[in-house]
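Per-entry structural report
Each chain, written out:
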Amino acid sequence: MECGTQNNNNRGYDIERVPKIRVDKNSLDVQKIVSEMFILLQKKDEDDARETESLEKSNIRQPTNDHLHALNFYEQQKNIEFECRRCSRPCRGTFYKCEDCDEFTLHKVCAESASKVSDCPPFLRSVKPNHYDFPKTYKCKNCQKVSYDCYDCLFGTHLLNEFLPTILHSRHHSHRLNLTVIPFRYNYEYLCNFCEKVGSSVSYKCYECHYDVHVDCILPKAIETISGERIFGLRSQNSDVAAAYCHCYICEQDIERGQLYYECHEYDFNIDIHSMCMLNVDIPAIERFLPFARFFNSDLDKNTPRGVPQVVREVLRELKIIRKD
């Protein structure tokens, strides 16, 4: 408050960001002064809010079309060591790395696995999601706080939650597919190469040939048999111990730690199939086999290399569930 009648050499002072009003002591009106001060303080709060918002936006690194962290595969390299962004351990073996920066490097198994795939939230599987609501969040080094408007924050958040594999290999496409979770402000849309319907924001993308697919098209959460009576649910192999007893009925190989597979529990008998192999499954054949599965369950020979009796293998082959390429 500055006196309007006092002879003051510093009458013209101006302290930055401090509101100032002049008061004439000969005609002092307290109510008017309080009202003016309230208006000035309210205007100051509005200016501060706008400045804070502008600062936050300026601190978000703008992704470019050629830097959405497309991951390339690398063999082991001597004298070069990166830290895996997902598990925080050194990448000494095969790994994936962003082709444009050193910010995102992942072990092969970390990039291709998703330990919580069974709990994947609907917004990541939606054709056109309208919100992101991750239980855990990651703040990139360029933002003051976590922002879903920042691609780096979103990509790091995806890695932290482990709901979907970052890299997906599919028999539907010859190249590896990168998961993209893009901020809504970019209004990114694509035509799904699988179902030919328009999707937005979240997809599996091939950077080599502009191939895009919905998550639910390329990696469905569950696959029903033709009758709809039985369901194969998508799972992740998260235990080395369990992997020793979990085998794919299509390729007859172990389902190793970190691999995704489909599982059916009907008739007290498990049928486990790699997610990659599931595309070769003859669903009607599986339906014909399942009613008989319970009769073989008690005959399992735990001493066999695969823990599956030969009679079951023979039945599966007759039904063309197991295929030899």
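Attention here is on the structure that accompanies the text. (Residues numbered from 1 in each chain as written. Predicted model: local features only at pLDDT ≥ 70, side-chain atom pairs only at ≥ 80, totals over all residues. Heavy atoms only, no water.)

Time to look at the overall build of the protein chain. Check the secondary structure of the protein chain and you find 8 helices and 17 strands. The buried share among the 325 residues of the protein chain stands at 42%. Considering only contacts within the protein chain whose residues lie at least 6 apart along the sequence, 52% involve residues at least 24 apart. When the accessible surface of the protein chain is totalled, it reaches about 18800 Å², and 48% of it is carbon and sulfur. (Helix = DSSP H or I, 4+ residues; strand = E, 2+ residues; numbered from the N terminus. Buried < 20%, exposed > 50% of the residue type's maximum accessible area, 1.4 Å probe, protein only. Contact = heavy atoms within 4.5 Å. Areas by Shrake-Rupley, 256 points an atom, 1.4 Å probe, with all protein chains shown as cover.)

It is worth spelling out the sheet that holds strand β6 (residues 95-98) at this point. The 3 strands are arranged β3-β6-β7 in an open sheet whose pairing can be described as antiparallel. Because the sheet does not close on itself, it has two edges, and the strands there are β3 (71-74) and β7 (105-107). The mean angle between the axes of side-by-side strands here comes to 25 degrees, regardless of whether they run parallel or antiparallel. Relative to β6, β3 is paired through 4 bridges, and the arrangement is antiparallel. Bridge pairing in β6 links Tyr 74 to Phe 95. (Pairing = 2+ DSSP bridges. Axes fitted to C-alpha atoms, helices over the stretch in contact; angles between N-to-C directions.)

Right, let's get into the state of the cysteines. Inspection of every chain in the model, using the stated rule, returns 0 disulfides. Free of any disulfide, Cys 84 has its nearest cysteine sulfur in Cys 87, 3.7 Å distant. Counting only cysteine sulfurs, Cys 195 is the nearest neighbor of Cys 217, a cysteine outside any disulfide, at a range of 3.9 Å. (Disulfide = S-S within 2.5 Å.)

Our focus in this paragraph is the packing of aromatic side chains. The full count for this structure, using the stated rule, is 12 aromatic pairs. Each ring, one from Phe 134 and one from Tyr 148, has its centre 6.2 Å from the other, and the planes form 65 degrees; the classification is edge-to-face. Here Phe 134, found in the loop between α3 (122-125) and α4 (151-161), pairs with Tyr 148, found in the loop between α3 and α4; they are 14 residues apart in sequence, far enough to count as distant. Every member of this aromatic cluster is reached through a ring pair, and the members are Phe 123, Tyr 132, Phe 134, Tyr 148 and Phe 184. A cation sits over an aromatic face here: Arg 85 above Phe 104, 4.7 Å from the ring centre. (Phe/Tyr/Trp six-rings, centres within 6.5 Å; stacked < 30°, edge-to-face > 60°. Lys NZ or Arg CZ within 6 Å of the ring centre and 35° of its normal.)

So, about the sheet that holds strand β8 (residues 167-170). With antiparallel pairing, the 4 strands of this open sheet are ordered in space as β8-β9-β12-β13. If you trace the sheet from one side to the other, it starts and ends with β8 and β13 (211-213), each paired once. Averaged over all pairs of adjacent strands, the angle between their axes in this sheet comes to 30 degrees, without regard to strand direction. Bridge count between β8 and strand β9 (residues 173-181): 3 bridges; the pairing is antiparallel. Bridge pairing in β9 places Leu 168 opposite Leu 177.

A few words on α4. Owing to its 3.6 residues per turn, the α-helix brings residues three or four apart onto one side. Extensive coverage of α4 is indicated by the burial of 10 of its 11 residues. Taken as a whole, α4 has its buried residues at Tyr 151, Asp 152, Cys 153, Leu 154, Phe 155, Gly 156, Thr 157, His 158, Leu 159 and Asn 161. Elements in contact with the buried residues of α4: β3, β7 and β9. A positive backbone phi angle near 60 degrees is found at Glu 162, which sits one or two residues after α4.

Among the nonpolar cores identified, the biggest contains 40 residues, and Leu 124, Leu 164, Leu 177, Tyr 204, Leu 219 and Ile 273 are the most heavily contacted of them. Broken down by secondary-structure element, the contributors of at least two residues to this core are α3, β9, β12 (202-206), β13, α5 (215-218), β15 (231-236), β16 (260-264) and β17 (271-274). It is β16 that contributes the most residues to this core, 4 residues altogether. For this core, the domains that each give at least three residues are domain 1 (71-216) and domain 2 (222-319). What Leu 124 contacts, discounting residues up to four positions off in sequence, is Phe 134, Phe 163, Leu 164, Val 181, Val 202 and Val 215. Formed by 18 residues, the second largest nonpolar core is a distinct cluster that contains Leu 68, Tyr 151, Ile 167 and Ile 182. (Core = buried A, V, L, I, M, F, W, Y, C linked by side-chain atoms within 4.5 Å. Domains from an automatic or database assignment.)

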